[in-house]
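Coordinate analysis (summary)
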Amino acid sequence: MGSKVHDKEKQVDFLKHRLNMFLDVLDAIDPEDTELEDIDRLISFIDELESKCREFNNREQE
């Protein structure tokens with residue numbers, strides 16, 4: 001995914017960017033045409049975002 005982000009401000013910017021990407025995808029979804037696979041991808045995206053939050057939190061505690 002790239003180099004590790006250790007600076008707290010950069011971590012917050014990274015998370016904001018990823019969350020905005022998620023919101024853009026969510027806004028673009030047509031509920032009438034949404035497949036189960038699309039929902040699974042959204043859930044995976046949220047899981048990855050949650051994982052990054054934990055990772056950043058753990059780095060902060062080191």
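Residues numbered from 1 in each chain as written. Predicted model: local features only at pLDDT ≥ 70, side-chain atom pairs only at ≥ 80, totals over all residues. Heavy atoms only, no water.

1. Observations concerning a nonpolar patch on the surface
Inclusion rule: Here a patch means residues that are over 30% exposed by relative accessible area and free of salt bridges, tied together within 9 Å if like-charged and within 5 Å if nonpolar (Val, Leu, Ile, Met, Phe, Trp, Tyr). With residues, only the protein chains shown are counted as cover, and all accessible areas are computed by Shrake-Rupley using a 1.4 Å probe. Note on definitions: salt bridges are taken to be side-chain nitrogens of Lys or Arg within 4 Å of carboxyl oxygens of Asp or Glu. For helices the rule is a DSSP run of H or I covering at least 4 residues; for strands it is a run of E covering at least 2, with both sets numbered from the N terminus onward. Summary of the burial criterion: residues with accessible area below 20% of their type's maximum are buried, those above 50% are exposed, and those between are partly exposed, where the area comes from a 1.4 Å probe applied to protein chains only.
On the surface, Leu19, Leu23 and Leu26 cluster together to form a nonpolar patch covering roughly 230 Å² of accessible area. Take Leu26: it is sitting in helix H1 (residues 8–28). With relative accessibility at 40%, the residue Leu26 sits in the partly exposed group.

2. Comments concerning the environment of Val12
Note that Val12 resides in helix H1. Along the chain, Val12 and Cys53 lie 41 residues apart, while their C-alpha atoms are 9.2 Å from each other.

3. A word on helix H2 (residues 36–61)
The cut-off we apply is this: Every helix has an expected span of 1.5 Å times one less than the residues it contains. Residue contacts are defined here by distance: any two heavy atoms, one from each residue, within 4.5 Å place the two residues in contact.
Here H2 contains 26 residues, and its C-alpha end-to-end distance of 38 Å stays within 8% of the 38 Å for a straight helix at 1.5 Å per residue. Where the residues of H2 are buried, they touch H1.

These figures come from the coordinates and say nothing about function on their own.
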